[in-house]
Amino acid sequence: MIKIQVLLTLFILAPSALAGITCETPRGAKVLEIKERSVSVQHPFKVAAQRAVASSSNVRTKIQGDGYTKVLFHQGEKHIIHIEDKNSFSELDDYLIIRSKEGHEMTYPLHCKS
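Let us look at the structure shown here.

Calculation criteria
Residues numbered from 1 in each chain as written. Predicted model: local features only at pLDDT ≥ 70, side-chain atom pairs only at ≥ 80, totals over all residues. Heavy atoms only, no water. Pairing = 2+ DSSP bridges. Helix = DSSP H or I, 4+ residues; strand = E, 2+ residues; numbered from the N terminus. Axes fitted to C-alpha atoms, helices over the stretch in contact; angles between N-to-C directions. Salt bridge = Lys/Arg side-chain N within 4 Å of Asp/Glu carboxyl O. Disulfide = S-S within 2.5 Å. Phe/Tyr/Trp six-rings, centres within 6.5 Å; stacked < 30°, edge-to-face > 60°. Lys NZ or Arg CZ within 6 Å of the ring centre and 35° of its normal. Buried < 20%, exposed > 50% of the residue type's maximum accessible area, 1.4 Å probe, protein only.

**Re the sheet that holds strand β8 (residues 95–99)**
Sheet strands pair by backbone hydrogen bonding; their relative direction is either parallel or antiparallel.
Alright, step 1. Strand order in the open sheet made by the five strands is β5-β6-β7-β8-β9, with antiparallel pairing throughout. Edge positions in the open sheet fall to β5 (60–64) and β9 (105–109), since each of these has one partner strand only. Across the sheet, the mean angle separating the axes of adjacent strands is 15 degrees when strand polarity is ignored.
Alright, step 2. Pairing analysis gives five bridges linking β8 to β9, with the strands arranged antiparallel. Bridge assignment links Ile98 to a residue of β9, and that residue is Met106.

**Some details on unusual backbone geometry**
Alright, step 1. A positive phi is found at Arg27, a non-glycine position, where the angle reads about 60 degrees.
Alright, step 2. The topology assignment puts Arg27 in the loop between β1 (21–24) and β2 (31–34).
Alright, step 3. The phi torsion at Gln75 lies on the positive side, around 55 degrees, for a residue other than glycine.
Alright, step 4. In this fold, Gln75 is placed in the loop between β6 (67–74) and β7 (77–83).

**As for the pattern of salt bridges**
Alright, step 1. Applying the stated criterion across every chain, the model contains one salt bridge.
Alright, step 2. The closest approach of N and O atoms between Arg99 and Glu105, which form a salt bridge, is 2.6 Å.

**A look at the state of the cysteines**
Alright, step 1. Under the definition given, this model contains one disulfide.
Alright, step 2. Across a sulfur-sulfur distance of 2.0 Å, Cys23 and Cys112 are joined as a disulfide pair. Because the sign of the S-S torsion sets the handedness, a value of about 110 degrees for the bond joining Cys23 and Cys112 places this disulfide among the right-handed ones. Here Cys112 lies in strand β10 (residues 111–113) and Cys23 lies in strand β1, a separation of 89 residues in the sequence.

**Side note on the packing of aromatic side chains**
Two descriptors summarise a pair of aromatic rings, namely the distance from one centre to the other and the angle between the planes of the rings.
Alright, step 1. A full pass over the atoms with the stated rule returns zero aromatic pairs.
Alright, step 2. Its end group placed over the ring of Tyr68, Lys70 keeps NZ or CZ at 5.4 Å from the ring centre.

**Remarks on the pairing of β6**
Alright, step 1. Counting buried residues in β6 gives seven out of eight residues, a clear majority hidden from the surface.
Alright, step 2. Note that β5 and β6 share five bridges and pair antiparallel. Each residue of the ladder has a partner; that of Lys62, found in β6, is Thr69.
Alright, step 3. Hairpin connection, β5 to β6: the antiparallel pair is bridged by two residues, and Gly65 has positive phi, about 60 degrees.
Alright, step 4. By the bridge criterion, seven bridges tie β6 to β7 in an arrangement that is antiparallel. Within the sheet, the bridge partner assigned to Tyr68 lies in β7 and is Ile83.
Alright, step 5. The hairpin formed by β6 and β7 contains two residues between the paired strands, and Gln75 there has a positive phi angle of roughly 55 degrees.

If you want it as structure tokens, here you go:
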């Protein structure tokens, strides 16, 4: 009986773990769709002719406890996405770092939701 309950719990919780999360920078300048093996970067306020959703499947992931760090390159810039705890999001601990080729770096807090 216990084994069946465990299997049912895993079956019910598994789709939510694969559903991904959505994070955005302050004022929604960038919206990130983070999935297990890919990240989509959106710029919702760009002019319609320039608006595009870029998706990168070439993402490196480092799992750290209940959180992770994902590294990808988008438009020639290195994007580092850090989620401290995927079960409890925090604008203090979750952030996006964008580093240009020249080494300039900007850090943005992230507001995330499942």
